[in-house]
Structures are given as structure tokens and as C-alpha cells.
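# Remarks on the overall topology
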Amino acid sequence: MSVRPVAPDDVAAVVDLVRELAGYEKAPHEARMTEEQLSAALFAESPLLFGHVAEADDGVVVGMALWFLNFSTWRGTHGIHLEDLYVQPQHRGSGLGRELLRTLADLCVQRGYSRLEWSVLDWNTPSIEFYEAAGAVPMDEWTVFRLTDDALTGFAADRRGLR
């Protein structure tokens, strides 16, 4: 198994994997990220996004994890928020997904981060079972909220008196 940090040459493959993930999650129209955006986020002077890729035996990138740091005010430490974890269907069951997740868990332990967390769609039973097998527990009492597009713009405009 080969899991390593994302390199500049991996950007196109990672964008393709993000689009595959969006298709799997029944939201292909929402995956608008470009290679330029991903490259700028990952390889900025002080990046705020990080990533790892999983390679098949032939060296082809077949999986990825994109993540960023968060902070727990209750624990007083950083943690990792896993934004996307994806392994192509034909490579699932090979251990690559587990190794991607284990790599991030190891980074947390090495750096003294107290949490590794992510969101999963309620209907995604295979992923839920995968995460539970790794020892993860669902945060049932929490609901994710999001402002985006017109709602985000409108809410911000209200603050500035632009409406």
C-alpha cells in the first residue's frame, strides 16, 4: 500500500477523484473546484488545505484524503477535519481507504491533536460501516449547518446594509 502527501503532479488526479466522489454522493453539479484552485490551496506559502493520495501497485492515484486543521476550544488543541476521503470503487477493500484514514490518525497522535473528525451522508451505509469498524462514533446529537451561495451572500449583505 502506498499513501503519501499530495504532490503538484497529483492535482489533476485529485480533482478527478473529487468529481467522482461528488457523483457518488449524487451531487456532481456541486463539484466546481478547478485544478488551479486546488493547487493554490495545497501549495500556497502557508497552506490551509492538506492532502494525501493512495496509489495502486502501478503507481496510479486511486484514492485521496483532503483535510484541514480545526481547533477544539473544549480540548484546547487542534484537530484534523477530513473534508473528503475517496477510493475508487474498483480499489475498495484493498486497505487503501483504511491506510488513508490511519495516516491522518497517526498525524493527530504525532502532533498532539485531540480529534480527527468528518461528516458522512446518512444514507452512505458502506462508509458508515467502514468508519465504525475503525472505531469512529457518530455524533448523533449534532446537526451540520451551512450557508452557501445566495443565502451566504444575502446574510453577509444584511450585515453591511446592502439590502
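Residues numbered from 1 in each chain as written. Predicted model: local features only at pLDDT ≥ 70, side-chain atom pairs only at ≥ 80, totals over all residues. Heavy atoms only, no water.

## Here's the deal with the UniProt feature "domain: N-acetyltransferase" (unreviewed entry) in the chain
Per the UniProt record, "domain: N-acetyltransferase" (unreviewed entry) is found at residues 1-150. Spanning residues 1-150, this segment combines 33% helix with 24% strand, and its end C-alpha atoms are found 43 Å apart. (UniProt positions renumbered as here; feature names shortened; annotations may be inferred. Helix = DSSP H or I, 4+ residues; strand = E, 2+ residues; numbered from the N terminus.)

## Brief notes about the nonpolar core
Counting residues in hydrophobic clusters, the biggest one holds 17 residues, and the most contacted among them are Ala65, Ile80, Leu82, Leu85, Leu100 and Leu104. Put simply, the parts of the chain that give this core at least two residues each are strand S3 (61-72), strand S4 (77-87) and helix H3 (96-111). Considering every element that reaches this core, the biggest residue donor is H3, with six residues. When near neighbours in sequence (up to four residues on either side) are disregarded, Leu104 contacts His52, Ala65, Trp67, Ile80, Leu82 and Leu116. Listed in part, the 15 residues of the second largest apolar core include Val6, Leu17, Val53 and Met64. (Core = buried A, V, L, I, M, F, W, Y, C linked by side-chain atoms within 4.5 Å. Buried < 20%, exposed > 50% of the residue type's maximum accessible area, 1.4 Å probe, protein only. Contact = heavy atoms within 4.5 Å.)

## Examining the side chain of Ser72
Position of Ser72 relative to the elements: it lies in strand S3. On the basis of relative accessible area, Ser72 is assigned to the buried category, the value being 6%. In terms of polar contacts, Ser72 uses its side chain to reach the backbone amide nitrogen of Trp74, at 3.4 Å. Within the structure, the side chain of Ser72 is placed 2.9 Å from the backbone nitrogen of Arg75, a separation counted as a polar contact. (Polar contact = N/O pair within 3.5 Å; in protein donor to acceptor, adjacent residues only side chain to side chain.)

## Comments concerning a nonpolar patch on the surface
Together, Val137, Met139 and Trp142 make up a nonpolar patch on the protein surface, roughly 400 Å² of accessible area in all. Here Val137 lies in the loop between helix H4 (125-133) and helix H5 (149-160). The class for Val137 is exposed, based on a relative accessible area of 64%. (Patch = residues over 30% accessible without salt bridge, like charges linked within 9 Å, V, L, I, M, F, W, Y side chains within 5 Å. Areas by Shrake-Rupley, 256 points an atom, 1.4 Å probe, with all protein chains shown as cover. Salt bridge = Lys/Arg side-chain N within 4 Å of Asp/Glu carboxyl O.)

## Examining the environment of Thr77
By secondary structure assignment, the location of Thr77 is in strand S4. Sequence-wise, Thr77 and Val3 are 74 residues apart; in three dimensions their C-alpha atoms are separated by 26 Å. Discounting residues that sit within four places of it in the chain, Thr77 has contacts with Phe71, Ser72, Gly112, Tyr113 and Ser114. At a separation of 2.5 Å, a polar atom in the side chain of Thr77 contacts the side chain of Ser114.

## Description of H3
For H3, with 16 residues, the first-to-last C-alpha span of 23 Å sits near the 22 Å given by 1.5 Å per residue. Turning to H3, its buried residues number three or more, namely Leu96, Gly97, Leu100, Leu101, Thr103, Leu104, Leu107 and Cys108. The buried residues of H3 all sit within an arc of 150° when viewed along its axis, so they share a single face. The exposed residues of H3 that point more than 90 degrees off its buried face are Val109 and Gln110. Turning to H3, the residues buried within the fold contact strand S1 (2-5), strand S2 (50-55), S3, S4, strand S5 (116-118) and H4. Backbone geometry just after H3 places Gly112 at a positive phi near 75°. (Expected span 1.5 Å × (residues − 1). Arc of directions from axis to C-beta.)

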